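Chain by chain, the residues run as shown.
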Protein chains: 2
Amino acid sequence: MEQAVRNQIREFLASKGLRKTTQRDAIIEAAFSTDRHYTADELLDMSHRIEPTVSRATVYRTLPILVDSGLLRELDLGQGRKVYDPNFVDHPHHNHLICLDCKTILEFEDLNMELLENCMARRMGFTPANKQVRIEARCDELRLNGVCRKGGREVTAAA
Amino acid sequence: MEQAVRNQIREFLASKGLRKTTQRDAIIEAAFSTDRHYTADELLDMSHRIEPTVSRATVYRTLPILVDSGLLRELDLGQGRKVYDPNFVDHPHHNHLICLDCKTILEFEDLNMELLENCMARRMGFTPANKQVRIEARCDELRLNGVCRKGGREVTAAA
DNA sequence: ATTTCTGCAAACGATTTGCACAGGG
DNA sequence: CCCTGTGCAAATCGTTTGCAGAAAT
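Residues numbered from 1 in each chain as written. Chains lettered and ligands numbered in written order. Predicted model: local features only at pLDDT ≥ 70, side-chain atom pairs only at ≥ 80, totals over all residues. Heavy atoms only, no water.

S.K.: Help me understand the nonpolar core in this model?
M.R.: Here is a general trend for soluble globular proteins: nonpolar side chains tend to be buried in one another's company. Among the nonpolar cores identified, the biggest contains 28 residues, and Leu97(A), Phe126(A), Leu97(B) and Phe126(B) are the most heavily contacted of them. Every element with two or more residues in this core is listed here: strand S3 (95-99), strand S4 (105-108), helix H5 (111-123) and strand S5 (126-139) of chain A together with strand S3 (95-99), strand S4 (105-108), helix H5 (111-123) and strand S5 (126-139) of chain B. (Core = buried A, V, L, I, M, F, W, Y, C linked by side-chain atoms within 4.5 Å. Buried < 20%, exposed > 50% of the residue type's maximum accessible area, 1.4 Å probe, protein only. Helix = DSSP H or I, 4+ residues; strand = E, 2+ residues; numbered from the N terminus.)

Dropping the structure here:
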């Protein structure tokens, strides 16, 4: 976890009058010690390894705070699957492609898409707050070769 | 409900070897008698008005069939809110803008966005199956005038 | 001392499922 | 008749919440 992130969170908590606790520290440490997506339950596991006293309730109570801070993003993958993404620190505008075959989530950024979204929203008389593009797709490699080597690899394509 | 839709559904059920029942008929009738979005529970209400014997379980068992038929679209609005959209018959590629102020859902289509999405997916080695753009936004009118007259009105903008 | 945090376990709410019966082919 | 479809009620599953005690300021 980068020191910059740690400081930003620390400041955020202070500005909200929220206290620094052993459990929250562990959860924060866990939340930003990976660049993978994780579920609330997976975050509980990770936090638990750092500080065994962390309970599920506290994880659920801390997650909205982190999301609020702007450093963690909540992704609704549909079908009730909810995932958290710590990569928005580095890539604030990325979107997601979800492979229906291997369930892999790929991240990608595209400036044109970004512009287009803003344009559409303004044309309708709105100021965009939160944009999310979700593409569900099938793996070409799997279809052609019967194997998919992508499993979990992140691909960032800039246009 | 248009006769064309009725026929398509009828054919679809037949092709899958699914039976025609009083309850299913009522649910189908209800599902396509509006152009608004609705939840599973709201569909139960609507079906119930047509045929009181329709139960919640049957609605939940019928919805996936309708989605499968391609005539009804399932929209995951996030936060566990799931909504069904019968408008894909007329506008197969529309996206959604969700107003954070009045919760209104606006539909819009944009060919460029459509193309861009396909392009991104292919570049990453995938064949897109299901694309969804969700823009959460704030109403300019409300911000400037303190009132929002849009409430529930559908806006279809073609680019 | 005061207030926020915490773990626990119970509550929740939308959706799913097992069952025995009803009804379509 | 056979097998699918149905209602009911119980089960699920991720998430939220009330409470009393623990810890931070």
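Further notes follow.
S.K.: So what exactly am I meant to see when it comes to the relation of the copies chain B and chain A here?
M.R.: Both copies of the chain are placed relative to one another by a rotation about an axis and a shift along it. Between chain B and chain A, which share one sequence, the superposing operator has a rotation angle of 180° and an axial displacement of 0.1 Å; the RMSD is 0.2 Å. Both copies of the chain, as the preceding transformation shows, are related through a two-fold rotation axis. Closest to the rotation axis within chain B is the C-alpha of Val133(B), separated from it by 2.3 Å. The fraction of interface residues of chain B whose copies in chain A are also interface residues reaches 98%, indicating that both copies meet through the same surface. (Least-squares fit on C-alpha atoms with pLDDT ≥ 70 in both. Contact = heavy atoms within 4.5 Å.)

S.K.: Sorry if this is basic, but what is going on with the domain arrangement of chain A here?
M.R.: Many analyses report the size of an interface as the accessible area lost when the parts associate. Residues and elements named next belong to chain A. One can read the domain layout of chain A as domain 1 (1-91) and domain 2 (93-159). Look at where the C-alpha atoms of domain 1 and domain 2 centre, and you get two points 23 Å apart. When domain 1 packs against domain 2, close to 1100 Å² is buried across both sides, 46% of that on carbon and sulfur atoms. It is His 37, Leu 77 and His 91 in domain 1 that bury the most area against domain 2; as a group they hold 44% of the surface buried on that side. Linking domain 1 to domain 2 there are zero salt bridges. Our count for the domain 1 to domain 2 interface comes out at three residue pairs in polar contact (both at pLDDT 80 or more). Going through the elements one at a time, strand S1 (73-78) and strand S2 (81-85) are the ones with two or more residues in the side of domain 1 that touches domain 2. Per-class residue counts for the side of domain 1 that touches domain 2 are three nonpolar, four polar and five charged. (Domains from an automatic or database assignment. Buried area = accessible area lost by both parts, 1.4 Å probe. Salt bridge = Lys/Arg side-chain N within 4 Å of Asp/Glu carboxyl O. Polar contact = N/O pair within 3.5 Å; in protein donor to acceptor, adjacent residues only side chain to side chain. Nonpolar A, V, L, I, M, F, W, Y, C, P; charged D, E, K, R; others polar.)

S.K.: Would you mind going over the protein's contact with DNA strand C with me for this structure?
M.R.: In the region of DNA strand C, 19 residues are neighbours, and Thr21(A), Thr53(A), Ser55(A), Thr58(A) and Tyr60(B) sit closest. Considering the 4 Å shell around the protein, atoms of DNA strand C inside it are sugar or phosphate in 64% of instances. A distance of 2.7 Å separates a base oxygen of DNA strand C from a polar atom in the side chain of Arg19(A). In the environment of DNA strand C, a base nitrogen lies 2.8 Å from a nitrogen or oxygen atom belonging to the side chain of Arg61(A). Broken down by secondary-structure element, the contributors of at least two residues to the surface near DNA strand C are helix H2 (22-31) and helix H4 (56-69) of chain A together with helix H4 (56-69) of chain B. For the surface near DNA strand C, the element with the highest residue contribution is H4(B), accounting for four residues. Considered class by class, the residues forming the surface near DNA strand C number six nonpolar, five polar and eight charged. (Near = heavy atom within 4 Å.)

S.K.: Help me out: how do you make sense of the pattern of salt bridges in this one?
M.R.: Any two side chains of opposite charge can pair if their charged atoms end up close together. A full pass over the atoms with the stated rule returns 12 salt bridges over all chains. A salt bridge links Glu114(A) to Lys131(A); its shortest N-O distance comes to 2.8 Å. With Glu114(A) in helix H5 and Lys131(A) in strand S5, this pair connects stretches of sequence that are 17 residues apart. The burial state of Glu114(A) is the same as that of Lys131(A); both residues are buried. Here Arg6(B) and Glu29(B) are joined by a salt bridge, their closest N and O atoms 2.8 Å apart. With Arg6(B) in helix H1 (residues 3-15) and Glu29(B) in helix H2 (residues 22-31), this pair connects stretches of sequence that are 23 residues apart. The class for Glu29(B) is partly exposed, based on a relative accessible area of 26%.

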